[in-house]
Amino acid sequence: MLENNYWRGNFCVEVNPAPGTLVIFGASGDLAKRKLFPALCHLYRRGLLHEESRIVGCARTDYSDATFRDHLRGELNGNCSECERFLDRVHYQRLDYGVPADYTALSRRLDELESSGELPANRTIYLAMPAALYPAIIGELSRAGLLTEPGDGRWRHVVLEKPFGRDSASAEELDRFLHSHLHEDQIYRIDHYLGKETVQNIMMLRFANLIFEPVWNAHYIDHVQLTVAETLGVEHRAGYYDHVGLLRDMFQNHMLEMLAMAAMEMPGSFSPDAVRDEKVKLIESIRPFRRETFAEDIVRGQYQGYRQEPGVAPDSRTETFVAAKIMIDNWRWKGVPFYLRSGKKLAARRSEIAIVFKNIPHSIFAPIRAEEMQPDTLVLRVQPDEGMELTIQAKQPGPKLCMGGLTLNFRYSDLPGGEQFEAYERLLLDAMLGDQTLFIRSDVIAASWRLFTPVLEHWDALPLAEYSPGTQGPDEAMRLFAGTQREWREIR
Ligand code: BG6
């Protein structure tokens, strides 16, 4: 328990890390080098990686343990002694994904490495690979017996990155394939947004405090705005992005997951399935988009210059911006619109969930009328500058009676030790602890594709609005507020 000027009582739910082997496929790639290994090294430095744990990188490149460690060293920021001790736990096994004998060799290597430890090890296999390779790799892992759990409590888990299909049919096919080799408890589908500090904090805020729950509903909330704005364009990912587009890339996963966290009912417990049961229920309560009202409820856009990006088709109609109005048909949210928007090349990098409360019913502070007052707004800042702010009406200091919106601002970075945590740290830790709470369950994926597949089927019929890079997105996004006084929060 920790007490200082900021925290009164600080309890950790964390259990001690168990020893295990983490096998990373795609170990010579960008994700592994930039995100996964630095995150693992941080975990080690924090004492959250068991001393007997090992990490085995696999890829086609010819490395030895020593040259692979050299390859990683630069990315781990320095020559600290802890980094070196971490690297001592890193091994490399060359593996060609299509060669069965390489999987047998991997299996032997893992047995050897584990036999030198004193404790029995769980295995987590992380596929940091394009999803198109999943079937081939999982098929081979399965044939080599690497997915079979020994039955003595030791597990064999597989961590997968999105995309999980591109519509309902392909997602179902992938799901059937995965379940022919793994049971759901073995599958850890990553949504890196769920590892972000503020996204996790939504659950604490809502379910560990009394003051929010009574007002967290249609009686008090006017609407919710969920924004994920990026300044970057498609960069070097055109080959992937131009076939995917923003709805698939951001809405079907990150945006819906955040929406579910903010809007779901309280789970019966903090167990992985209790939390994920509530998410499914929430996503299934979203009113399906109707063909006749697509144009009122969804705006799609593309930034000027996108078609000139290297690798993008010159006549591409792929969207780089989407705004949508979502209604949730349940008691809690009846009539409360959730406005979601996300885009590339916007004015600022900003992800936030803004809960905009209703105006007070009556003002006694004449001549100021209730409708003239700014509504109370709670903003959960996901990034950058993780934290939250609450804007309320307050008296301005001074002899005159003046009032206005006052913002109470909390920043994680102001806390002692408030360094930035990489979402992957949390997710890797959970995967190695065998905790699926922050990983996406198969039925959540199916429900989210059920929502968006009908939209995608008519996607091209929806006009594609152009917007200039560095702006708020297309003006057409205002269309979602037609007939109301609402407006988008500025992206800045
Ligand atoms: C990824 C998308 O899942 O999330 C990218 O594929 C997007 O297109 C990225 O840029 C955004 O993540 P973050 O953590 O930088 O907000």
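Scroll up for the structure.
A brief report on the enclosed structure follows. (Residues numbered from 1 in each chain as written. Predicted model: local features only at pLDDT ≥ 70, side-chain atom pairs only at ≥ 80, totals over all residues. Heavy atoms only, no water.)

## A closer look at the site of the ligand
Close to the ligand lie K162, H192, Y193, K196, E230, R237, D249, M250, H254, K344, R349 and Q383, which account for all nearby residues. Side-chain polar atom of K196 to an oxygen atom of the ligand: 2.6 Å apart, as the coordinates give it. Between the ligand and the protein, one listed contact pairs an oxygen atom with a side-chain N or O atom of R237 at 2.8 Å. Its free accessible area being 400 Å², the ligand has 81% of it covered by the protein chains. By residue class, the composition of the shell around the ligand is two nonpolar, three polar and seven charged. (Near = heavy atom within 4 Å. Polar contact = N/O pair within 3.5 Å; in protein donor to acceptor, adjacent residues only side chain to side chain. Areas by Shrake-Rupley, 256 points an atom, 1.4 Å probe, with all protein chains shown as cover. Nonpolar A, V, L, I, M, F, W, Y, C, P; charged D, E, K, R; others polar.)

## Considering the sheet that holds strand β6 (residues 187–189)
Strand order in the open sheet formed by six strands is β3-β2-β1-β4-β5-β6, and the pairing between neighbours is parallel. The open sheet has two edge strands, β3 (90–94) and β6, and neither has a second partner. For this sheet the average axis-to-axis angle between neighbouring strands, irrespective of direction, equals 20°. In this fold helix α2 (residues 65–73) packs onto β2 (54–59) and β3, with an angle of close to 115° to the strand it touches most, β3. Its contacts with the sheet place helix α5 (residues 134–143) against β1 (20–25), β4 (122–127) and β5 (156–160), and it is angled at close to 155° to β4. (Pairing = 2+ DSSP bridges. Helix = DSSP H or I, 4+ residues; strand = E, 2+ residues; numbered from the N terminus. Axes fitted to C-alpha atoms, helices over the stretch in contact; angles between N-to-C directions. Contact = heavy atoms within 4.5 Å.)

## Brief notes about the packing of aromatic side chains
Two aromatic rings, taken as a pair, are described by how far apart their centres are and by the angle between their planes. Within this structure, the stated rule accounts for 20 aromatic pairs. A ring pair is formed by Y188 and F439, whose centres lie 4.9 Å apart and whose planes are at 65°; its orientation type is edge-to-face. Residue Y188 is located in strand β6, and its partner F439 is located in the loop between α12 (423–433) and α13 (442–457); the two are separated by 251 residues in the primary sequence. Among the residues examined, F439 registers a relative accessible area of 1% and is labelled buried. Note on W333 and F338: the rings are 5.1 Å apart at their centroids and 85° apart in plane angle, and the pair reads as edge-to-face. Residue W333 is classed as buried on the basis of its relative accessible area of 1%. Ring pairing ties together the aromatic residues Y241, Y303, Y306, F321 and Y467, which thus form one cluster. (Phe/Tyr/Trp six-rings, centres within 6.5 Å; stacked < 30°, edge-to-face > 60°. Buried < 20%, exposed > 50% of the residue type's maximum accessible area, 1.4 Å probe, protein only.)

## Topic: the pattern of salt bridges
Applying the stated criterion to the full structure yields 41 salt bridges. E389 is paired through a salt bridge with R381; the nearest N and O atoms lie 2.6 Å apart. Taking the relative accessible area as the measure of exposure, E389 reaches 16% and is therefore buried. Between R411 and D385 there is a salt bridge, and its shortest N-O distance comes to 3.0 Å. You can see R411 sitting in strand β14 (residues 403–411) and its partner D385 sitting in the loop between β12 (377–383) and β13 (387–395), a full 26 residues away along the chain. Looking at R411, the relative accessible area reads 31%, which means it is partly exposed. The partly exposed category is assigned to D385, whose relative accessible area is 27%. (Salt bridge = Lys/Arg side-chain N within 4 Å of Asp/Glu carboxyl O.)

These figures capture arrangement, not role.
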